[in-house]
Structure formats: C-alpha cells, structure tokens
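Each chain, written out:
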Amino acid sequence: MSHQVLARKWRPRQFADVIGQEHVVRALANALETGRIHHAYLLTGTRGVGKTTLARILAKALNCLGADGTGTLPVAIPCGVCSACTAIDAGRFVDLLEVDAATNTKVDEMRELLESAQYKPVSGRYKVYIIDEVHMLSKSAFNAMLKTLEEPPSHVQFILATTDPQKLPITVLSRCLQFNLKNLAPQLIAGHLSKVLTAEGVAFETAALDLIGRAAEGSARDSLSLLDQAIAYGAGAVKATDVAAMLGALDQSYLVSLLNFVAQRNAKALVHEVESLAARSISFDLMLKELASLLTQVALAQQVGGVEDHPQQAEINAFATRFSADDVQLLYQISVLGRRDLALAPDEQSGATMTLLRMLAFAKPRDGGTSPAGGGSGSMGLAPIETVAPVVEVAAKLVATLATNTAAAVPAVLAAAPDTAIMPEVKIAQLADQTWPQFIAHLDLKGLSAMLARQTCYESLQGKVLTLQVPLSQKHLAQPRYIDSLQAEISPHFAEGVQLTISIGGAGQGSLAAAEALEDNERQSRAEASIMHDPFVRDMEIEFGAVVRRDSIRLISH
C-alpha cells in the first residue's frame, strides 16, 4: 500500500476532529441542527488552519443521507459511510465543485461555472461550490457572480475561502456569512501531533513537538508536513536534537546564554556565540523570533508572575530581576526590529550580530555588569549609575533656593575672580538657581561638559563644593568623565577652583535646557497664533473650509 502523507491522512472528516476552531464549528453545527442555513459562507484565515477542510465537512453535512441512506435533511454530524459522504471524501462527488480561483480568474470561466448552477444536483441534496482563494478573481469575474451569489437557486450553496479578505469587494462581503479562522497556538499543535504520533506508533520527544509547534506558525497542515519531515530525518523517531538541526532551530538554553551575555555586557562571548550558531547553520531569523518570545516571558514574569509550567521559568525569573521593565521592553523592540531589518543587512549573520550588540550597548542590567575585557569603548559609557556612586551624590529633593549662609560664603571663595569672567549682568558672587542657566549660557562649553551643564540646576555652593542637580531622566549624564570635564571648564571662573558634585532628582525645571524648551514652546505658540489669525488663512477657512494642521507648523530658526 502506498504511503499517504500525514497532512492528508489526518485531515479532519468530522467537525469534532477540527482543532482550534470551536467558534466556527459551533456556529455551523447549530445552523445545521436548526435548519438556519445561509446560502453563502466566507471562511478566512492563514494557510493550513482548516478553511477547505471545513468547507468539505459542511458539504458532507448538507448532503449526508445517513448510515441507512434514507436521510432527507442536512445533519450536524455527517455519518461518513453513506454514498454522499464517501464520494466527497474520495473527491468524486459530482455535485461538489471545487474551484481554485488563482488559476480560474477570468470572467468567462466564472460565467461557465455559474451556468451549471441552474441545473439541479445529480445525486446530492445541494450543489455546493467551493471557491478557494476567491480574492484572486478579477473584478469582472466578481461582477459576474454577484447576482447568483445574492439570490442563488435553493439547491445551490456557495462556500468561499480566502487568506486575504481585505481584497474582496464589499459587495461580495455583504452577501456572505463570514467566519474568521484563528491561527493555532503552538501548545495546541504540539498536543495534536502527540496524538497523531501515538496513533502512528512513532517514538517522540515532547520537546521536539514543541519546536515543530512553534515553527508551524499556527498552521496545522504545516505542522503535519514538518512532522513527516522530522520522522524521515530521525529515521522513524522524532527527537528534539534532530528537529532542532532540521529546522535550524535554537533551543531555549542557547537563548538563555545569549541573554546572559547581554546582561554581562560580554561582547566577545556574544560575537563568539553568533559565530558558533552560524557554523551550525542556525536560522538567525528564527533566533531573533525566539529571543523576542523569551523576552515576552520575562516581561510576563515581571508584570504577572509568568507562566508556571514554562520549562525555563527559573532562568526567566532571574532575567526579570536582572533587567528593569524598561530594558526588557527595549530589548524586545530591538529583537523585533532587528528581525525585520535582516533583509537589509549585508548578510544575516552581520544583521544578527549588530542586533545583539545593539542590545549590549543599550542594556543596563541591575547587577552592575561591566564592559568585557577587550571591549574598549564599545560599552558606550553606559555602565549603571551605581558604579560611579563615590563621585555622584544621589539625592531625591527638589531644586532649593540659595540659602542665606551660602550667599555669605560665595564672596570668600570668589573674591579674586574678575567680573569679566562671566557675563557683566551676572555677578559670580550672586550665583544662584536663577542665574546658573545664564552663567553656563555665556560659557563656551563643548562636548561632554556642555551636555551635562545644559541639563543641570543649581543646588548649593558650600566653600569650594558646588552641587548641581540633574533630573532622574538625565541620570546617565552623571558619569565621572562628564563631571570632570565640566569641572575643568568652570574652575577658572572661581578664585580657588571648584569641586563639582552632582545629585539626582527633581524635574530639571531650573536648567538651561528647560529654559530653552520653554522659550521654544512660547515661540511655537506665537507662530501658531500668527498663522491662525492671518487674514489669508482666515479667508481660506471661510471660503473653502480649509483646516490648519497645527502639528505641521514648525519653527525654522531661532
């Protein structure tokens, strides 16, 4: 006896055999039981989720004669043994016409098909037209079928199937009862494959079925095709290692290693691991997809406690502690966008490497991991702020006004500093939270020192110690090299030099950056008001109903 592929052998023949589409099965079965049968059904969904299968089962239910061959009405459960059921299963039922719209797109072909609709069924109760990939029909072909589709003869049933319902004319959609078939969950597919292999007497590992379930991407047919391939690859057995090699898949333990290297900021190990995956012909597209899936589990662990039966739950919980919620979201986004951009990279390995290095550059693990040996400046200076605690004074208070004892202490420190060292109208002895932005605005600061200075607010000056404050959102600027650079720039303006410290907190309202942002907002408001009150604009609004889009108004210069 010739071999029959699993996708055909295990194709459902009853509504009860269809997995994952209970919402459609229930509606169809109830309609058949109550006699409320629509004349045109539209089944939509991605490949391999059961559209054509359900159409054939519905055709059997409409034409089933019962086990004794005397049935006169449609049934919810086809008997499977009468002449109509067996003929439909064998593909030789003359009153079931299956049309592939992808190859029969012309209007003449559609007219020829519909001409036969006026004739009564030869042997069945209904003449059933199953039109697959109906969205491929031409506009003329759709127009030719509209009248028949809306008011078909009582003995005709239309069942349309498509993977792209957006391409169907609204005139067709409005004439059909539409059912959307869902993609199947990987766990559901794995459970179904387990039943198939048990019935087939094939040895298998559960982990292997999990890999196939994820690789099938919601398609039952694809999962059975992959299972056939896995049985052949494993010489009659389905093992996780064989399936991983066959799919170019990456099991979760390697994903954990990759994420560990990101957390440790170990660039060398990360690149070496990518090279190892390339040597094993691992799919980098699948790697990034699975990495995004793992990060999803980490986010779930942080927010709702995770999935208790996940095989890597211990590692997931560890990552949930090591990364902040913000970092997990960032890493997930990098994974998704990196996968999207693989086609634009010089090659997939380069694209995957850059994606992982991008994660390393932006991640800030809570365990304070440092740059790897030989990493050089690749860390981008993004070490966690806790590592510079000896230099940075961390505080969470609002910007304070200049204390009276500070005002008395300033002249002693700056007595020898000439007034010309800063702008004439701001005396160095009067340095306070109101004048700090003016002070730094008239200094020729560049690079790192300018970045830090623009975001700082004046907090206090005690002796030689000048304390500035940066808002929490800009805490990444409070690093030793930034502080040292700014201290070197402003020290010449103090008689005895200055020792600069930084505290973190507040909203940054007293900074130069905040002042500039406020000025820009005011200028933007004035610009919008000017346009809204312009006589020409008002005339356009009155005469033509024009509407000014405020979000399109941009400042072009200061």
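As a starting point, this report considers the structure included with it.

Basis of the calculations
Residues numbered from 1 in each chain as written. Predicted model: local features only at pLDDT ≥ 70, side-chain atom pairs only at ≥ 80, totals over all residues. Heavy atoms only, no water. Helix = DSSP H or I, 4+ residues; strand = E, 2+ residues; numbered from the N terminus. Buried < 20%, exposed > 50% of the residue type's maximum accessible area, 1.4 Å probe, protein only. Contact = heavy atoms within 4.5 Å. Areas by Shrake-Rupley, 256 points an atom, 1.4 Å probe, with all protein chains shown as cover. Axes fitted to C-alpha atoms, helices over the stretch in contact; angles between N-to-C directions. Parallel < 35°, antiparallel > 145°, perpendicular 65-115°, else oblique. Left-handed = near helix turned anticlockwise from the far one by under 90°. Nonpolar A, V, L, I, M, F, W, Y, C, P; charged D, E, K, R; others polar. Phe/Tyr/Trp six-rings, centres within 6.5 Å; stacked < 30°, edge-to-face > 60°. Pairing = 2+ DSSP bridges. Core = buried A, V, L, I, M, F, W, Y, C linked by side-chain atoms within 4.5 Å. Salt bridge = Lys/Arg side-chain N within 4 Å of Asp/Glu carboxyl O. Right-handed = clockwise from strand over helix to strand, strands pointing away.

Okay, the overall build of the chain next. Secondary structure summary: the chain contains 23 helices and 10 strands in total. Each of the 558 residues in the chain was classed as buried or not, and the buried ones make up 44%. Long-range pairs, those at least 24 residues apart, make up 74% of the contacts in the chain with a sequence separation of at least 6. Accessible area for the chain stands at about 28,500 Å²; split by element, carbon and sulfur atoms hold 54% of it.

To continue, consider the packing of helix H8 (residues 186-200) against helix H9 (residues 206-215). In the contact formed by H8 and H9, the axes pass within 8 Å of each other and the chain directions differ by 125 degrees. Looking at the two axes, H8 sits oblique to H9. The chirality of how H8 crosses H9 is right-handed. Of the residues in H9, those in contact with Pro186, Ile189, Ala190, Leu193, Ser194 and Leu197 of H8 are Leu209, Asp210, Ile212, Gly213 and Arg214. Taken together, the residues of the contact of H8 with H9 break down into seven nonpolar, two polar and two charged.

Evaluated as defined, the whole model comprises three aromatic pairs. When the centroid spacing of 6.2 Å and the interplanar angle of 20 degrees are considered together, the rings of tyrosine 41 and phenylalanine 179 count as stacked. Remark: phenylalanine 179 occurs in strand E5 (residues 177-180) and tyrosine 41 occurs in strand E1 (residues 40-44); sequence separation between them is 138 residues. Judged on exposure class, the residue tyrosine 41 and its partner phenylalanine 179 are both buried. Ring centres 5.3 Å apart and planes at 25 degrees place the aromatic pair tyrosine 129 and phenylalanine 158 in the stacked group. On the criterion of sequence distance, the pair formed by tyrosine 129 in strand E3 (residues 127-132) and phenylalanine 158 in strand E4 (residues 156-162) is long-range, its members being 29 residues apart.

This part covers the sheet that holds E5. In a beta sheet, neighbouring strands pair by backbone hydrogen bonds and run either parallel or antiparallel. On the basis of which strands lie adjacent, the open sheet formed by five strands has the order E2-E3-E4-E1-E5 and parallel pairing. Of all the strands in the sheet, just strand E2 (96-100) and E5 have a single pairing partner and so form its edges. Along the sheet, successive strands turn relative to each other by an average axial angle of 15 degrees, direction set aside. As defined by bridge partners, E1 adjoins E4 across five bridges and the pair is classed as parallel. Its bridge partner being in E4, tyrosine 41 is matched across the sheet by isoleucine 159. Relative to the sheet, helix H2 (residues 22-34) contacts E1 and E5, its axis offset from that of E5 by approximately 150 degrees.

Taking strand neighbours across the sheet as the criterion, the three strands line up as E8-E9-E10 in an open arrangement whose pairing is mixed. The open sheet has two free edges, formed respectively by strand E8 (457-462) and strand E10 (499-504), since each of these has just one partner strand. Each strand of the sheet is rotated relative to its neighbour by a mean of 25 degrees, with strand direction disregarded. In this sheet, E10 lies alongside strand E9 (residues 465-470) in parallel orientation, the contact comprising six bridges. Its bridge partner being in E10, threonine 467 is matched across the sheet by threonine 501. Sheet strands touched by helix H21 (residues 480-490): E9 and E10. Its angle to E10, the strand with the most contacts, is close to 135 degrees.

The bulk of non-glycine residues show a negative phi, and the bulk of peptide bonds are trans. Residue glutamate 133 is not a glycine yet carries a positive backbone phi of 50 degrees. The backbone of alanine 235 sits at a positive phi, close to 55 degrees, despite the residue not being glycine. For alanine 235, a relative accessible area of 74% puts it in the exposed group.

Among the nonpolar cores identified, the biggest contains 34 residues, and Leu259, Met287, Phe323, Leu331 and Leu356 are the most heavily contacted of them. At the level of secondary structure, the elements contributing two or more residues to this core comprise helix H12 (252-264), helix H13 (267-279), helix H14 (284-304), helix H15 (313-322), helix H16 (325-340) and helix H17 (348-362). Per-element tally for this core: the top contributor is H14, with nine residues. Core analysis: the next-biggest nonpolar cluster, separate from the first, contains 33 residues, Val18, Ala87, Val128 and Ile130 among them.

Turning next to the pattern of salt bridges. Tallied over the entire structure, the rule returns 14 salt bridges. Lysine 60 is the salt-bridge partner of aspartate 89, the closest N and O atoms lying 3.0 Å from each other. Here the residue aspartate 89 occupies a position in helix H4 (residues 83-90), and lysine 60 occupies one in helix H3 (residues 51-63), the gap between them amounting to 29 residues. For arginine 454, the salt bridge goes to glutamate 516, with nearest N and O atoms at 2.1 Å. Taken together, the residues arginine 454 in helix H20 (residues 447-455) and glutamate 516 in helix H22 (residues 512-532) connect sequence positions 62 residues apart.

Quick look at the pairing of E10 now. Every other side chain in a regular strand lies on the same face of the sheet, so the side chains alternate between the two faces. Of all six residues that make up E10, five are buried, and the element is covered over most of its length. The handedness of the E9 to E10 crossover, carried by H21, is right-handed.

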